[in-house]
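In case you want the letters, here they are:
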Amino acid sequence: MQDCFFGVALAEGFAMDEAISRRQQMRSVVTQERLIAAALDEIFAVGYHAATTQGISRRAAVSRGALLHHFPSRADIVLAAMEALLEDGTRQIKAMTGRLQAGSASLQDFVDFLWSLFSGRFFYLSLEMITESRNDADLRVRMIPVVKRFHEALDEIWTQLCDGSQRTPQQARIILNLTVCLMRGMGVQTVLRPEPAYYRELVDGWKSLLPQLIGGEAGDILFAHQPSQITAAEARKSLPDLA
């Protein structure tokens, strides 16, 4: 009987230890998320160079010791913040792509969405970190695989969106990167040329051209040196599904 009671007590003790461990892990995850969010807020508010671990800990309402426990160096929390930023951007793009494929959004809506992404907080934060990586070799080495994963996710999303019956996966990636590079370039320009009407003209122009790149003669001309899967006429028949 005593052995039975002892066994029950031991099992209850293990269960209690596991519950305590799970609560501690949950608190740790919550603290890390708060610190990452605070790091992004701090960098966006004051810039990369002026952002400090003290400022981040104040925004997160945790001690600097707690910050250093989770992220031993400034570079560690910056990298974690960049990963979180790009993961969030990827989720937003996937969600918008889902709407496009479901027919609840148009290709023009998708371009507007990308412009909002690359002319707002998401882009300015990534620009701060990309610029710093140019002169910080260690940060650059650690940032490259993070950014690579982001672009690989974009390539996969865009390939699904374009559909191989219209353009090859390689051609789809080229069209995507033309679009992203245009948005990124305009995003940089907004810093010293804050003229919304100017960018709206460019965005609207790309919205008119993009369907032709995906399934029209403009794309046929662009990819004339590459093997074509279908004729332009056949591609244009499927284009209304995206427009």
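Here's a quick rundown of the structure. (Residues numbered from 1 in each chain as written. Predicted model: local features only at pLDDT ≥ 70, side-chain atom pairs only at ≥ 80, totals over all residues. Heavy atoms only, no water.)

### Digging into the side chain of threonine 179
Then, number 1: Counting through the fold element by element, threonine 179 comes out in helix α8 (residues 169-189).
Then, number 2: Aside from chain neighbours lying at most four places away, what touches threonine 179 is Leu114, Trp206 and Leu210. (Helix = DSSP H or I, 4+ residues; strand = E, 2+ residues; numbered from the N terminus. Contact = heavy atoms within 4.5 Å.)

### So, the packing of helix α7 (residues 137-162) against α8
Then, number 1: Here α7 crosses α8 at 120°, and the two axes come no closer than 9 Å. Between α7 and α8, the angle is such that the two are oblique. In terms of crossing hand, the pair formed by α7 and α8 is right-handed. Every residue of α8 that contacts α7 at His151, Leu154, Asp155, Trp158, Thr159 and Cys162 is listed here: Pro169, Ala172, Arg173, Ile175, Leu176, Asn177, Val180 and Arg184. (Axes fitted to C-alpha atoms, helices over the stretch in contact; angles between N-to-C directions. Parallel < 35°, antiparallel > 145°, perpendicular 65-115°, else oblique. Left-handed = near helix turned anticlockwise from the far one by under 90°.)

### Digging into the pattern of salt bridges
Then, number 1: If you walk through the whole model with that rule in mind, you get 11 salt bridges.
Then, number 2: One salt bridge connects glutamate 42 with arginine 59, and the closest N-O pair in it is separated by 2.4 Å. With glutamate 42 in helix α1 (residues 2-46) and arginine 59 in helix α2 (residues 53-60), this pair connects stretches of sequence that are 17 residues apart.
Then, number 3: The class for arginine 59 is partly exposed, based on a relative accessible area of 44%.
Then, number 4: Residue arginine 91 pairs with aspartate 88 through a salt bridge whose shortest N-O separation is 3.7 Å. With a gap of 3 residues between them, arginine 91 and aspartate 88 both fall in helix α4 (residues 74-102), about one helical turn apart.
Then, number 5: Looking at aspartate 88, the relative accessible area reads 33%, which means it is partly exposed.
Then, number 6: When salt bridges with common partners are traced through the structure, they connect Asp112, Arg200, Asp204 and Lys207 into a single cluster. (Salt bridge = Lys/Arg side-chain N within 4 Å of Asp/Glu carboxyl O. Buried < 20%, exposed > 50% of the residue type's maximum accessible area, 1.4 Å probe, protein only.)

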